[in-house]
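# Close look at the chain arrangement
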Amino acid sequence: MTTKMLRLSPPVPGGARYALGGLVGDRLRHNREHWLLTAPLANPAMLEIFRDRDRAPRRDLVPWAGEFAGKYLTSAVLCWRLDRDPALAAHLAAFVDEFIAVQDEDGYLGPFPRHERLTGRTANGKSHLWDLWGHYHAMLGLMLYHREFGYEPALQACVRAADHLCARFLESDERPIDAGAEEMNLAVAHGLAWLYQQTGEPRYLRLVREIERDWETPPAGDYVRQALADVPFYQTPKPRWESLHDIQAILSLYEITGEARYRQAFEQIWRSILPTDIHNTGGFTSGEKATGNPYDPGAIETCCTVSWMVLSVDMLRLTGEAAVADELERSFYNAALGAQSPSGRWWTYNTPMDGVRRASAHDIVFQAREGSSELNCCSVNGPRVLGMLSEWAVMLADDGLAGDLIANYYGPGVIAVDLPSGQTVTLTQETDYPLDGHVRLCLSLSEPAAFALRLRIPGWSRSTAVALNGQPIDAQPLVDGYLRLDRTWQDGDLVTLKFDMSLRVLVGEREAAGKVSFFRGPLLLAYDRRYNTMDPDDLPAPMVAQGDVLPTIGYDGPSPAPWLLVETPAVDGGMLRLCDFASAGVAGTPYLTWLPSVGAAGIE
């Protein structure tokens, strides 16, 4: 049974063609040059640990060491979609061949010795490895590579790995839950379901069904039944971030079967997380798990935010709601880009609401090993948030209005998309968004084409002005948050949008009681000691009202420069400077996003 959902534009392989500019283009380039192209050379143990898994002396590995290569490959392939850099393509081809070469003859694709594989059972019966979790990420990266490059050996490596898992858990008395670390290891259901969708091999779906049974076995997450009982995610048995990849398998089961209960469960989980565990930054979790408190100052791990954005892409595909894309945008421009060094050389482990920025190699240095001094879960996973733009920036409708072209991402650059008719449309954006609310969107076509263009109108824009070829048009009514323009488009047609970038105030509660956060468009604003004369403990309350338009000011200090710098009067008679969150703390200075609320007026 098939279901109607939004999909990537156009369906892979091939993909849309991107040439993104501005701030995001810079971050992509730095990520490619200073991490993706250098990481395997600087960390050769990323693959060497697979090659010598049964050698003595045994390597001292973290339980999730098998994930590093797969996460790196997933991030790299998704980022390649955005620039199609030939050097990166050649680099990935060599990496994939080496990855396939270290797979064992029986299909095992992990770094652990034979007597501990998959379940981690040692002589004392203790299960401690995240080996199925590592297989999940290895399979995901290889399947993505196959979809983009059509490289059959990559898919066959996944098939051999899945066959190995089926032999272990379908042809013996062992069950996947015997591997322990349930939210991590049972996430392999998502990789198996995706492989089933590509190959149609019934054993892969059968193993997914067995894992579905294991979800219901304590202490596993019981995701479907808990969701159908309307239990918030943070109150479920396994509220850690890794569970979100298990939850992706629920959506896969909906895609495969069309059973409404899977869709209901998936949606309930996403909607329960949004108000209870997404911080003002768009980051997810506190101390690596959902707590039901978005003001909790616990660590906001980069991997956690990645998992939330991955789940949100799936939610966007499922519902077609612009509000979901709004959340992706909030996470992307704030928590995600805030986790990346502007140089592209490192990512954070924790990107707090208030605090300092530290490289993941500092906060979680315990994951470093000989031959992989820079490797940890966040360093290989963080770049995925950049590459993920290829999954939500533009989409095609496969719902009741099939063929609609959907524009979610605003920012300078060019995106070329092949429509279902075979016609290619190129969208060129001239804009300083997200620093400014003006967007000029020009369409280029070789000949006129009839289709509908859905433009995301951000929910935070209180008033949006839209014009087509210079003529104002009504921005209402919206369909699921999109303005739908259905016409025969001509080469050179121009749509202009002006979003309301006036100040929005978010009132804090619990640990943030008596404080407020400020947003300008999609950007969270932050105090950074670097741009102010007062220290954090002496911070005065800003004298600002909701709806104010804060003036931007220039910056002539040392690099790196902030993307955005605004100024507001303070209660002490002085001036307070606020920068965009992604720039806050880049020089190692302390920053705050929860500011004193005295003097903040017009709060809704």
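Residues numbered from 1 in each chain as written. Predicted model: local features only at pLDDT ≥ 70, side-chain atom pairs only at ≥ 80, totals over all residues. Heavy atoms only, no water.

### Topic: the side chain of Arg-504
If you trace the backbone, Arg-504 turns up in strand β13 (residues 503–507). Of the buried charged residues, Arg-504 lacks a salt bridge, with Glu-329 as the closest side chain of opposite charge at 7.7 Å. Within the local environment of Arg-504, its side chain forms a polar contact with the backbone oxygen of Gly-521, the two atoms lying 2.6 Å apart. When near neighbours in sequence (up to four residues on either side) are disregarded, Arg-504 contacts Trp-460, Arg-462, Ser-517, Phe-518, Phe-519, Arg-520, Gly-521 and Gln-546. (Helix = DSSP H or I, 4+ residues; strand = E, 2+ residues; numbered from the N terminus. Buried < 20%, exposed > 50% of the residue type's maximum accessible area, 1.4 Å probe, protein only. Lys, Arg positive; Asp, Glu negative; His and termini not counted. Salt bridge = Lys/Arg side-chain N within 4 Å of Asp/Glu carboxyl O. Polar contact = N/O pair within 3.5 Å; in protein donor to acceptor, adjacent residues only side chain to side chain. Contact = heavy atoms within 4.5 Å.)

### Examining the packing of helix α7 (residues 152–170) against helix α10 (residues 202–215)
Remark: α7 packs on α10, axes separated minimally by 10 Å, with the N-to-C direction vectors making an angle of 50 degrees. It follows from the interaxial angle that α7 and α10 lie oblique. Two packed elements cross with a definite hand, and for α7 against α10 that hand is left-handed. Residues Val-159, Ala-162, Asp-163, Leu-165, Cys-166, Phe-169 and Leu-170 of α7 touch α10, and the partners they reach there are Arg-203, Tyr-204, Arg-206, Leu-207 and Glu-210. When grouped by side-chain class, the residues that make up the contact of α7 with α10 number 8 nonpolar, no polar and 4 charged. (Axes fitted to C-alpha atoms, helices over the stretch in contact; angles between N-to-C directions. Parallel < 35°, antiparallel > 145°, perpendicular 65-115°, else oblique. Left-handed = near helix turned anticlockwise from the far one by under 90°. Nonpolar A, V, L, I, M, F, W, Y, C, P; charged D, E, K, R; others polar.)

### Observations regarding the packing of aromatic side chains
Under the criterion given, the structure shown has 25 aromatic pairs. Between Phe-284 and Trp-308, the aromatic rings sit 6.1 Å apart at their centres with planes inclined by 35 degrees, giving tilted as the arrangement. With a gap of 24 residues between them, Phe-284 in the loop between α13 (260–277) and α14 (302–319) and Trp-308 in helix α14 connect regions that are remote in the sequence. Each member of the pair, Phe-284 as well as Trp-308, is classed as buried. With a centroid separation of 5.7 Å and an interplanar angle of 80 degrees, the aromatic rings of Phe-581 and Tyr-591 are classed as edge-to-face. Placement of Phe-581 in the loop between β17 (575–580) and β18 (591–592) and of Tyr-591 in strand β18 is noted, with a sequence separation of 10 residues between them. Per residue, the accessibility class of Phe-581 equals that of Tyr-591, and both read buried. Site record: aromatic cluster; members linked through ring pairs are Phe-332, Tyr-333, Trp-392, Tyr-410, Tyr-433, Trp-460 and Phe-499. The ring of Phe-581 carries the charged tip of Arg-357 above its face, separated from the ring centre by 4.4 Å. The lysine or arginine in question, Arg-487, covers the ring of Trp-489, its NZ or CZ lying 4.9 Å from the ring centre. (Phe/Tyr/Trp six-rings, centres within 6.5 Å; stacked < 30°, edge-to-face > 60°. Lys NZ or Arg CZ within 6 Å of the ring centre and 35° of its normal.)

### Looking at the pattern of salt bridges
Inspection of the entire model under this criterion finds 47 salt bridges. Salt-bridge contacts for Glu-321 lead to Arg-271; the nearest nitrogen and oxygen are separated by 2.9 Å. One end of the pair, Glu-321, is in the loop between α14 and α15 (322–338); the other, Arg-271, is in helix α13, with 50 residues separating them in the sequence. You can call Arg-271 partly exposed: its relative accessible area is 35%. Between Asp-404 and Arg-454 there is a salt bridge whose closest N-O contact spans 2.8 Å. Placement of Asp-404 in the loop between β3 (394–396) and β4 (405–407) and of Arg-454 in strand β8 (residues 449–456) is noted, with a sequence separation of 50 residues between them.

### Observations concerning the sheet that holds strand β12 (residues 494–498)
Working definition: the strands of a sheet are paired by backbone hydrogen bonds and lie parallel or antiparallel to each other. Reading across from one edge, β2-β5-β6-β7-β12-β9-β10 is the order of the 7 strands in this open sheet, with antiparallel pairing throughout. If you trace the sheet from one side to the other, it starts and ends with β2 (17–20) and β10 (471–473), each paired once. Across the sheet, the axes of successive neighbouring strands diverge by a mean angle of 20 degrees, strand direction being ignored. Of the strand pairs in this sheet, β2 and strand β5 (residues 413–418) are connected by 4 bridges, and their pairing is antiparallel. Note on β5: the bridge partner recorded for Tyr-18 is Ile-415. (Pairing = 2+ DSSP bridges.)

### Re the nonpolar core
With 190 residues, the main nonpolar core has Phe-99, Leu-142, Trp-215, Ile-250, Phe-284, Phe-332 and Phe-451 as its most contacted residues. With near-sequence residues (within four places) excluded, Leu-142 lies in contact with Leu-73, Val-96, Phe-99, Ile-100, Leu-109, Ala-154, Ala-157 and Cys-158. Of all hydrophobic cores here, the second largest spans 9 residues; its members include Leu-524, Tyr-531, Cys-579 and Tyr-591. (Core = buried A, V, L, I, M, F, W, Y, C linked by side-chain atoms within 4.5 Å.)

### Notes on helix α5 (residues 86–101)
Between its first and last C-alpha, α5 extends 23 Å over 16 residues, near the 22 Å set by a 1.5 Å rise per residue. Of the surrounding secondary structure, the elements contacted by the buried residues of α5 are α1 (22–36), α2 (39–42), α3 (45–51), α4 (67–83), α6 (131–149) and α7. One side-chain oxygen at the N-terminal end of α5 lies 3.2 Å from the backbone nitrogen of Ala-87; it belongs to Asp-85. (Expected span 1.5 Å × (residues − 1).)

### A short note on the packing of helix α9 (residues 188–199) against helix α12 (residues 243–257)
Geometry of a packed helix pair, given as the angle between the helix axes and the separation of the axes. With their axes 7 Å apart at the nearest point, α9 and α12 run at an angle of 30 degrees to one another. Taken together, the axis directions place α9 and α12 in an arrangement best described as roughly parallel. As α9 packs across α12, the resulting crossing turns out to be left-handed. Within the contact between the two elements, α9 uses Ala-189, His-190, Ala-193, Tyr-196 and Gln-197 and α12 uses His-245, Gln-248, Ala-249, Ser-252, Glu-255 and Ile-256. Its residues assigned to classes, the contact of α9 with α12 shows 5 nonpolar, 5 polar and 1 charged.

### Topic: unusual backbone geometry
Put simply, Pro-218 and Pro-219 share a cis peptide bond, and its omega is 10 degrees. Mapped onto the elements of the fold, Pro-219 is located in the loop between α10 and α11 (223–228). Here the amide bond leading from Ser-559 into Pro-560 is cis, since omega sits at 0 degrees, within 30 degrees of zero. By the secondary structure assignment, Pro-560 is in the loop between β15 (523–528) and β16 (565–569). For Ala-181, which is not glycine, the phi torsion reads 40 degrees and is therefore positive.

### What to know about the confidence of the model for the chain
On average, the chain scores 94 in pLDDT, and the residues at 70 or more come to 95%. Note on residues 8–14: pLDDT is under 50 here. Beyond four places in sequence and across chains, it has 22 contacts. pLDDT under 50 marks residues 600–604. Its contacts with residues more than four places away, or in other chains, come to 13 contacts. (pLDDT = per-residue confidence, 0-100.)

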